[in-house]
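Summary of the model geometry
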Amino acid sequence: MYRQAMSVGIALLIGAGCLNIAVAAALPVSATTVESIAYESIANLGNDELHSKGIGLARSGKVAEAVVALRMLTERAGATEKAWHDYLTVLQWAGSNRTVLDLYQQRYAGQENLLPGYLLRSIAGAYYQLEQFELAQQYYAMAVAKGEGAARLPQAEAAMRAGDIEVANSLYEALLLENPRNIAAYLSRSEMSIYRKNFAQADLDYIKALALLPDDEDQAMRKRQIDANRAGIYIRTNELAPAIKLLRPYMKPGAATRTMECDYVLALRLRGDYRQAIAEAQRLWPDLRDVPAYGLQAVADAYLRLGEYDQAERIYSLVLEREPSRTAALLGRAYGFVARGKLDDGLALYKDAWHQDKRIGSIVAADAAYFFDAGRFTAGKALYDLLLVLEPSKPIYYRELANSLLRHGMPREAYGVYRRLAVMPEGALYGLSGQVKAAVAAGDYRAAETALADLQIRFPRHTLTAEAGQAYGKRYAGSATFGLRAFDDYKGNHIVAWDHSGDLALGRDSWAVLWGDEVNRVADDLEHIRVNAKRVGFAAREHWWASRFWVSDYRGAGQSEVGGHWDADLYLRDFTKLNFAIAKQPLKDVQAWQNGPVMALSRTATLNHRVGHGDYYEVSYTWDGYSDGNRFYGWSANYSHNIFERGKKSLDWFAFASRGRYRYESPDYESPAARISYGVGTVQRWQIPNGYWEWTNGLGWGYDKPEPTDFSPYTRLEHGYSFSPSHKLVAGIEYGGRTNRLNNRHGMLYGYRQFDVRYDIAW
């Protein structure tokens, strides 16, 4: 699920269990139990005895206890420099590399000429483990100059990792010239060549090393260890296929070590073969109690990526029982909580993981970006907000959050984050350029122009300034729509409507003029009328609101009326919007027009809310007043949910319900005492080159009180085709059936049909 940057993520996932870059015992010393036991047994020893005891413990492999003894010695009065040298050396064996370098800088910085070769070698090893290869190379060279011959091979490795290939090859060649059967040199160069992606050299040296293995009973075991080390490096360098190929032959009962089995499962997991990783783990490990923590981690991660969160949580719990501070397990568990909707629990674990290892910020950001891409915007925002609290001075997280918001259709919220970024010393360029793009997307051209002017003054020659200028130049300037609709139903109503409308932006202030012209032919079984409507108006929009107003002139059958419309959108957030509308217009009914015409003053309040990519909610309330004294009150609710969206196909289901009532039933137009309707349906959509197909199927029920309930299924097929980004044609055909319970007819009858076509132009 979560996507780590390779430099941090794979290292966290592997931990100390995989790779031969450190001895198996090289773990940071933090076991208080070991320390207390060691302290009790050595506290009364003299300095010389304590020194000897510490060296003996280290040589016998009890590195943790040796560190306790030698640290105790250095804290005593009269501790010799030799004691300090040995303490730093054993501390490096224990893997406390950062501590080693801190103590070295405090006591011996600039005194390298006075230090023994073995200590310089340990300092070099600490730098190497921390991947500071150039410094490691320098200190190995100093150790060799002090007669530390064993430092020559790691010096070559450090030179290779530092990219000093010519020096590294000369060191390897010198070692092989002295001893052409130097297996360690061949293996070292092979492994370092893998890091450098020089696979031909790596394979050549590997074959030479295998040919030099002694022909004895231990040969197979030695080859197994060589292959295990080699596979580990392939995993660390993200070369997963060769790692799996190396390890697969050993995946038989008794043929591999637990470490090799863990590496195999880990490689499968990293390659994305999650089902296979789980299956292999179940086959190899019927009992999980003796499986190393990083192997369990790999299985838990595989479950996590498959969305099997309960299984992942079970195994993460096992890992954390053994290693409560294992950062990778905390991250996986945190992701699982957030993915299951337990946001607070997940955020707390992410915070704990960050306090343990502050390098994981990039991993948390990657998880946040993944949640955004999956349509889990609340989760994505929460993770980014956590990062902004933990690392408030890092511009990269502000930039990533703002980019994610803008990319997923939230320009208003993105604009606010870009503003915060713009006031940071290292974020002004990206913040201002982002403000321009976000403001243009939100329709706030005045804010976009202000940010662009500042950007052009401060960064006149930068490519981001040019991109922002292009975005401002391509802002929405206007549109026009031409449409035709034909509709008829079982009641004998027939409507044919042709219309065209448009808007034209005026300058930088987000104002626009509106126009429209509409011709309606309205008929019933007895007669028909023709009503023409012309309208003109204006619109304005700013950052968090938009409003439209126009006046309409209606003429037909020798009569005329003046109407109008006003509506406003108020954005609470990008995906939460309130709409208020007031409109005065005639009823499109033959009898209502001829006997009046009957004008309706309609007032509507609507709340729209979208959650991620998948869920859309809408509720509205309408209250109308008619010129004949009638009144209407009603509400409606709509909901839709995305079932799946894969590639160019998507499927949604929807549900709707409404209820309305009139003051009285008019003889001139349809106005039942109460009208109730509800239903469900699906929408399938296929993206095609330059367009789409959309198929809607619905099942509706409804009744006019007190009449029986009617069943009204319908289907609609729509096709959209884009001739260019600014020219689009949309055509649809719709057909509905119904039962007529009022006449006791339960069979399906003709309900209605509709055809519509629309051509849109934007500039």
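In this text the structure is predicted, and so the values were computed from the model without any measurement. (Residues numbered from 1 in each chain as written. Predicted model: local features only at pLDDT ≥ 70, side-chain atom pairs only at ≥ 80, totals over all residues. Heavy atoms only, no water.)

1. Quick look at the overall build of the protein
Applied cut-off: Strands here are runs of E lasting at least two residues and helices are runs of H or I lasting at least four, both read from the DSSP assignment and numbered beginning at the N terminus. In this setup the radius of gyration rests on C-alpha atoms only. A globule is expected at 2.2 Å times the number of residues raised to 0.38. Relative accessibility under 20% of the residue-type maximum defines a buried residue, over 50% an exposed one, and the middle range a partly exposed one, all with a 1.4 Å probe and only protein chains included. By definition in these notes, contact holds between two residues if any of their heavy atoms fall within 4.5 Å. The Shrake-Rupley method, run with a 1.4 Å probe sphere, supplies the accessible areas, and residue values consider only the shown protein chains as cover. In this tally Asp and Glu are treated as negative and Lys and Arg as positive; neither His nor the chain ends contributes. A charged residue contributes its charge at one atom only: NZ of Lys, CZ of Arg, CG of Asp or CD of Glu.
Broken down by element type, the protein carries 28 helices and 16 strands. Radius of gyration (C-alpha) of the protein: 37 Å, far over the 27 Å computed for a compact globule of 763 residues. C-alpha atoms of the protein, sized along the principal axes, occupy 115 × 65 × 55 Å. When burial is assessed residue by residue, the protein has 47% of its 763 residues classed as buried. Here the analysis covers contacts within the protein between residues at least 6 apart in sequence; of these, 52% occur between residues at least 24 apart. When the accessible surface of the protein is totalled, it reaches about 37200 Å², and 55% of it is carbon and sulfur. On the protein, the mean spot of the 89 positive side-chain charges and the mean spot of the 88 negative ones are 1 Å from each other.

2. Remarks on the pairing of strand S15 (residues 727-740)
Which entries qualify depends on this criterion: The rule for pairing is simple: two strands pair if DSSP sees at least two bridges between them.
With ten bridges joining them, strand S14 (residues 710-724) and S15 adopt antiparallel strand pairing. Bridge pairing links Thr715 to Tyr735 in S15. Between S14 and S15, which pair antiparallel in sequence order, lie two residues.

3. Re the confidence of the model for the protein
Put simply, the rule reads: Each residue carries a pLDDT value, the predictor's own confidence for that position, ranging from 0 to 100.
Per-residue confidence for the protein gives a mean pLDDT of 90; residues scoring 70 or more make up 94%. Segment residues 1-11: pLDDT under 50, and 40 contacts once partners within four positions in sequence are set aside and those in other chains are kept. Contacts from residues 14-34, a stretch scored under 50 in pLDDT, to residues over four places away or in other chains number 36 contacts.

4. Structural notes on the pairing of strand S11 (residues 649-662)
Looking at chain direction, strand S10 (residues 631-646) and S11 are connected through 14 bridges and run antiparallel. Within S11, the position partnered with Glu645 by the bridge is Ser650. Linking S10 to S11, which pair antiparallel, is a turn of two residues; within it Gly647 sits at a positive phi near 65 degrees. In this sheet, strand S12 (residues 674-688) lies alongside S11 in antiparallel orientation, the contact comprising 13 bridges. Residue pairing in the sheet places Ala657 in a bridge with Tyr678 of S12.

5. Examining the packing of aromatic side chains
As a reminder of what qualifies: Classification of ring pairs rests on two measures: the distance between centres of Phe, Tyr or Trp rings, Trp counted by its six-membered ring, which must be within 6.5 Å, and the angle between planes, read as stacked under 30 degrees, edge-to-face over 60 and tilted in between. Criterion for a charge above a ring: Arg CZ or Lys NZ at most 6 Å from the ring centre, at most 35 degrees from the ring normal.
Tallied over the full model, the rule gives 26 aromatic pairs. Where Tyr626 meets Tyr669, the ring centres are 5.6 Å apart and the plane angle is 25 degrees; that geometry is what we call stacked. One end of the pair, Tyr626, is in strand S9 (residues 615-626); the other, Tyr669, is in the loop between S11 and S12, with 43 residues separating them in the sequence. This pair shows no difference in class: Tyr626 is buried, exactly as Tyr669 is. Between the NZ or CZ atom of Arg475 and the centre of the ring of Tyr472, over which it lies, the distance is 4.0 Å. A cation sits over an aromatic face here: Arg610 above Phe575, 3.8 Å from the ring centre.

6. Describing the environment of Leu383
Structurally, Leu383 can be placed in helix H22 (residues 377-390). Residue classification places Leu383 among the buried residues on the basis of a relative accessible area of 0%. Along the primary structure Leu383 and Tyr639 are separated by 256 residues, whereas in three dimensions their C-alpha atoms are 28 Å apart. In this structure, Leu383 is in contact with Leu347, Tyr350, Val364, Asp367, Ala368 and Phe371, ignoring residues within four places of it in sequence.

7. Quick look at helix H7 (residues 117-129)
Side chains three or four residues apart in an α-helix point the same way, a direct result of the helix having 3.6 residues per turn. Where we set the bar: To estimate how far a helix should reach, multiply one less than its number of residues by 1.5 Å.
Its 13 residues give H7 an end-to-end C-alpha distance of 18 Å, which sits within 8% of 18 Å, the value for a rise of 1.5 Å per residue. Within H7, ten of the 13 residues are buried, leaving the element largely enclosed by the surrounding structure. Regarding H7, the residues found buried are Gly117, Leu119, Leu120, Ser122, Ile123, Ala124, Gly125, Ala126, Tyr127 and Tyr128. Two residues or fewer after H7 comes Glu131, characterised by a positive phi angle close to 60 degrees.

8. Describing helix H15 (residues 258-271)
The end-to-end C-alpha distance of H15 is 20 Å, a good match for the 20 Å that 14 residues give at a rise of 1.5 Å each. Within H15, eleven of the 14 residues are buried, which leaves it mostly tucked inside the rest of the structure. Buried within H15 are the following residues: Met260, Glu261, Cys262, Asp263, Tyr264, Val265, Leu266, Ala267, Leu268, Arg269 and Leu270. Phi for Gly272, located one or two positions after H15, is positive at around 95 degrees.

9. Examining the packing of helix H4 (residues 63-74) against helix H5 (residues 81-93)
We apply this condition: Axis lines are fitted through C-alpha atoms, for helices just across the contact stretch, and the angle between N-to-C directions can take any value from 0 to 180 degrees. An angle below 35 degrees is read as roughly parallel, one above 145 as roughly antiparallel, one from 65 to 115 as roughly perpendicular, and any other as oblique. By definition, turning the near helix anticlockwise from the far helix through less than a right angle yields a left-handed crossing, and turning it clockwise yields a right-handed one. Only Asp, Glu, Lys and Arg are considered charged in this grouping, and only Ala, Val, Leu, Ile, Met, Phe, Trp, Tyr, Cys and Pro are considered nonpolar; every other residue, Gly among them, is considered polar.
Two elements in contact, H4 and H5, have axes separated by 9 Å at closest approach and are oriented at 150 degrees. Compared by their axis directions, H4 and H5 come out roughly antiparallel. Where H4 crosses over H5, the handedness of that crossing is left-handed. When H4 is examined against H5, the residues Val63, Ala66, Val67, Leu70, Arg71, Leu73 and Thr74 are found in contact with a partner set consisting of Ala83, Trp84, Asp86, Tyr87, Val90, Leu91 and Trp93. Class assignment of the residues belonging to the contact of H4 with H5 gives a composition of eleven nonpolar, one polar and two charged.

10. Observations concerning the packing of helix H17 (residues 293-305) against helix H18 (residues 309-322)
Contact pair H17 / H18: the axes reach a minimum separation of 8 Å and the direction vectors enclose 160 degrees. Regarding the angle of H17 to H18, the classification is roughly antiparallel. The element H17 and its partner H18 pack so that their crossing is left-handed. Facing H17, whose interface residues are Ala293, Leu296, Gln297, Val299, Ala300, Asp301, Tyr303 and Leu304, H18 presents Tyr309, Gln311, Ala312, Ile315, Tyr316, Leu318, Val319 and Arg322.

11. A closer look at the pattern of salt bridges
Our working rule: We count a salt bridge whenever a side-chain nitrogen from Lys or Arg sits within 4 Å of a carboxyl oxygen from Asp or Glu.
Summed over all chains, the structure comprises 44 salt bridges. Its salt-bridge partner being Arg121, residue Glu148 comes within 3.6 Å of it at the nearest N-O pair. A residue pair is termed long-range when its members are at least 10 positions apart, and Glu148 in the loop between helix H8 (133-145) and helix H9 (152-161) and Arg121 in helix H7 qualify at 27 residues. Assessed through its relative accessible area of 18%, Glu148 is described here as buried.

12. Some points on unusual backbone geometry
With omega at 5 degrees, the peptide bond leading from Lys705 into Pro706 counts as cis. With respect to the element layout, Pro706 can be found in the loop between strand S13 (691-704) and S14. The phi dihedral of Asn690 falls on the positive side, at around 70 degrees, and the residue is not glycine. Following the sequence through the fold, Asn690 ends up in the loop between S12 and S13.

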